[in-house]
Every structure is written in structure tokens, then in C-alpha cells.
Amino acid sequence: MTTKILPIVLGAALGMSAAAASAATLDDVKAKGFLQCGTNTGLAGFAAPDDSGEWTGLDVDGCRAVAAAIFDDAKAVKFTPLTAKERFTALQTGEVDILVRNTTWTMNRDTALGLNFAGVNYYDGQGFMVRKSLGVTSALELSGASVCVQTGTTTELNLTDYFKANGMEYKPVVFEQLAEVNAAYDANRCDVYTTDASGLYSIRLQLTNPGDHMVLPEIISKEPLGPVVRQGDDQWFNIVKWVNFAMVNAEELGVTSQNVDEMKTSENPSIRRLLGLDDSKFGEDIGLSNDWAYRVIKHVGNYGEVFDRNVGPDTPLGIARGINALWTKGGLQYAPPIR
């Protein structure tokens with residue numbers, strides 16, 4: 001009986017701790033003078049330190065955008081590298097203010113863990129990478145293969161579902177740290193590497209001989225990735241959510257980091273509301289200055305700029321916009337209006 005009660009008590013205590021930690025997050029962040037952002041331990045294009053130790057990537061820019069909205073300074077961020085296993089606990093306990101770590105929005109995570117997903121900054125799907133020498137062209141040819149996968153992820157669950165649904169067998173080769181998975185695959189300890197397709201393109205660049213590997217065509221899951229906050233603080237949830245929406249709206253309206261000052265003279269009502277002009281009070285409604293979105297665009301850019309700079313066709317990853325294009329261009333990126 002005791003063993004059954006203990007997890008319930010611990011879960012309740014953790015829930016109360018998360019609720020307490022989440023109260024007035026904006027005030028706590030302002031008092032510290034910086035945003036504490038949980039992110040990946042190192043995934044090129046999304047979150048990784050460069051040669052000078054500066055964090056860069058699409059997720060990193062998501063954190064910088066929130067800092068810009070609050071402080072008018074995109075560098076007012078400290079980054080906490082987290083493994084897949086550590087990430088939710090770090091957010092629940094208040095170790096970080098926000099989690100932007102190529103994390104998939106699922107029902108369980110959005111309800112049972114005491115967390116809220118504040119939008120989607122990248123629509124992804126799980127794929128498979130193999131050595132070209134393996135001689136396969138489809139994931140349906142992988143029965144009996146050994147598969148490298150990171151534990152504590154939806155990737156691990158999707159892998160099981162996919163092989164079971166297709167009547168195939170496989171041998172999981174599981175590691176907690178992303179670097180361990182990378183090293184194992186590169187050392188030929190498994191036949192296949194599976195994770196989000198965007199991650200596969202990033203990881204391939206880090207392998208000893210990138211040209212020896214290929215990403216198979218199958219996408220086996222829906223992986224909407226986005227920023228996460230604790231439940232119980234609607235103001236903070238709204239800030240993170242609308243910073244993301246502002247970047248998408250800015251791209252749709254043609255407002256960029258390069259022309260945002262010029263756009264202050266625009267007569268377009270949607271642009272003027274976005275930039276906090278004409279006595280717009282949308283910033284005040286979420287506890288920020290009314291030029292909050294201007295700050296985000298000026299310091300970080302619109303969504304298209306962030307995508308192109310970090311993972312787009314002209315980067316080493318070379319990822320096309322695809323379903324991450326604006327809804328006006330056949331993609332899924334769509335933001336409610338600021339009005």
C-alpha cells in the first residue's frame with residue numbers, strides 16, 4: 001500500500017512546487033535581469049554553441065525573442081543545456097523559465113506534466129537515417145535492424161509503434177545523451193539512426209563521413225515542436241505565445257529586422273498595431289511595453305528570417321520551408337491577428 005501512495009504524494013508535491021515556481025514568472029525574470037532558457041545540449045541549426053561559445057539556432061532565437069520583448073535586449077538570456085530526460089523536470093521545478101528545446105507538443109505533456117505549449121516554431125516529423133552501404137531505400141526494409149535512439153523521447157515511442165504496426169522486428173540501441181547516440185551510430189554500433197527529420201539533417205553534418213549517409217523518405221509521425229512553460233501563470237504563457245505569433249505575423253506583413261524602423265510610417269493598420277503605434281495597448285495587456293513586438297523584430301527578426309538564418313536552404317542544413325512556410329504560401333505557419 002505504501003509503495004502505491006508514495007508516487008501520488010510525490011507527484012502532488014511536484015505539482016505544487018511547479019505551481020509555486022510558475023507564479024509571476026515575468027516579475028522573477030525582471031528581478032534577475034535575464035531569461036533562463038532550457039535548450040538542447042547541442043543540435044546544429046536549433047541550439048548549439050559556436051566556436052566562440054555563443055549559442056545560436058532556431059530555438060535559441062526563440063529564447064532571444066522573449067528576452068528582447070521584455071528587456072529590449074536579445075542577449076539578456078542565459079542558456080541551460082538539457083538532455084531529453086532532464087528537460088521537463090528542469091522546467092517544472094523552476095530551474096528554467098522557459099523550455100525551447102525541439103520538444104514535441106503531445107497531449108500527455110500538455111496536460112499531465114503541468115506544462116503548457118505556447119505554439120509551434122517548427123513542424124517536424126520523425127525519420128530514419130542509414131548508411132548508403134546498407135542498400136535500403138525505404139524504412140519498410142529495416143526489419144531486423146539495430147536502431148540508435150535517444151531515451152525519454154517521443155521518438156522512442158514512435159519507433160516501437162511503427163515497427164509493430166508494420167510487423168517488423170528491430171533491436172533498440174538506447175542512450176540518454178544525444179552525443180552518445182551520435183557517437184554510437186558514427187561508430188557503426190547500430191544500422192539506423194532515428195529522430196526528428198530536422199535533427200537527422202543536423203546530425204549528419206557531424207558524422208565522420210556525412211556523404212556516406214542518407215535520410216530515408218518516410219516520415220512516420222507528427223512532431224510539432226515549440227516553446228513550453230509551466231501551467232498556472234497565464235501572463236507568462238501569453239507573453240511566450242504572442243512573441244511567437246508576432247514573428248509569424250511580421251513575416252506575413254513583410255516587416256523585417258531591416259525595414260522595421262521604416263515600417264513605423266506605414267498606414268497599414270495591422271502593421272501599426274503590431275509595432276505598438278496609434279495608442280495600441282496590446283503590450284500593456286500582457287505586462288510589457290507597447291513596442292514589445294517591435295523589439296522582437298528589431299533584435300531577432302521575423303519568423304522567415306529566423307528560419308532562413310538557422311536551418312534554411314542557404315545554411316549547411318539546407319532545409320526547405322516546406323510545411324513551415326506561411327499559410328499564404330501553402331504551409332502551416334499561421335498566427336492569430338493582433339487586434
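Residues numbered from 1 in each chain as written. Predicted model: local features only at pLDDT ≥ 70, side-chain atom pairs only at ≥ 80, totals over all residues. Heavy atoms only, no water.

> So what exactly am I meant to see when it comes to the pattern of salt bridges here?
Two side chains bearing opposite charge may form a pair once their charged atoms approach each other closely. Counted under the stated rule, the structure contains nine salt bridges. A salt bridge links Asp261 to Lys298; the shortest N-O distance between them is 2.6 Å. Residue Asp261 is found in the loop between helix H9 (234-253) and helix H10 (269-274), and its partner Lys298 is found in helix H12 (residues 292-299); the two are separated by 37 residues along the sequence. By relative accessible area, which is 33% here, Lys298 ends up partly exposed. (Salt bridge = Lys/Arg side-chain N within 4 Å of Asp/Glu carboxyl O. Helix = DSSP H or I, 4+ residues; strand = E, 2+ residues; numbered from the N terminus. Buried < 20%, exposed > 50% of the residue type's maximum accessible area, 1.4 Å probe, protein only.)

> Sorry, what's going on with the layout of surface pockets here?
One simple way to see leftover space: roll a probe sized like a water molecule over the atoms. Considering only enclosed or pocket space, the largest pocket measures out at about 250 Å³ in volume. Taken together, 16 residues make up the lining of the largest pocket; nearest its centre are Tyr122, Tyr123, Asp124, Ala197 and Ile319. For the lining of the largest pocket, the secondary structure elements donating two or more residues are strand E7 (122-124) and helix H8 (197-206). A breakdown of the residues in the lining of the largest pocket according to their chemical character gives nine nonpolar, five polar and two charged. Each pocket or cavity is described by its volume, and for the second largest pocket that value is around 210 Å³. Lining the second largest pocket are Asn249, Glu252, Leu253, Ser270, Arg273, Leu274, Trp327, Tyr334, Ala335, Pro337, Ile338 and Arg339. Of all the secondary-structure elements, those providing two or more residues to the lining of the second largest pocket are H9 and H10. (1 Å grid on protein atoms, 1.4 Å probe; cavity = no way out; pocket = protein on both sides within 12 Å on 5 of 7 lines; lining within 4 Å. Points joined across faces, edges and corners; volume = space filled by probe spheres on them. Nonpolar A, V, L, I, M, F, W, Y, C, P; charged D, E, K, R; others polar.)

> Explanation requested: empty space enclosed by the protein in the structure shown.
Going through the model one piece at a time under the given rule, you end up with two cavities of 30 Å³ or more. Of the volumes computed, that of the largest cavity is approximately 240 Å³. Together, 26 residues line the largest cavity, and Asn102, Gln150, Thr155, Thr195 and Asp196 are the ones closest to its centre. Taken together, the elements giving at least two residues each to the lining of the largest cavity come down to strand E9 (145-150), helix H6 (154-165), helix H7 (178-186), strand E11 (192-196), H8 and strand E13 (223-225). The leading source of residues in the lining of the largest cavity is E11, at four residues. Here the lining of the largest cavity is built from residues that sort into nine nonpolar, twelve polar and five charged. For the second largest cavity, the calculated volume is near 130 Å³. For the lining of the second largest cavity, the element with the highest residue contribution is helix H3 (residues 58-71), accounting for five residues.

> Explanation requested: the packing of aromatic side chains in the structure shown.
Pairs of aromatic rings are described using the distance from one ring centre to the other and the angle between the two planes. Applying the stated rule across the entire model yields twelve aromatic pairs. Judged by centre distance (6.4 Å) and plane angle (75°), the ring pair of Phe128 and Phe163 falls under edge-to-face. Of this pair, Phe128 sits in strand E8 (residues 126-131) while Phe163 sits in helix H6, placing them 35 residues apart in sequence. For the pair Phe128 and Phe163, a shared accessibility class is recorded, and that class is buried. Residues Tyr162 and Phe163 carry aromatic rings whose centres are separated by 6.0 Å and whose planes lie at 80° to one another, so their mutual orientation is edge-to-face. Overall, the relative accessible area of 1% leaves Phe163 in the buried class. Cluster of aromatic residues (ring-pair linked, three or more members): Phe46, Tyr122, Tyr303 and Phe307. For Lys78, the ring lying beneath its charged end belongs to Phe34, and the centroid distance is 4.2 Å. (Phe/Tyr/Trp six-rings, centres within 6.5 Å; stacked < 30°, edge-to-face > 60°. Lys NZ or Arg CZ within 6 Å of the ring centre and 35° of its normal.)

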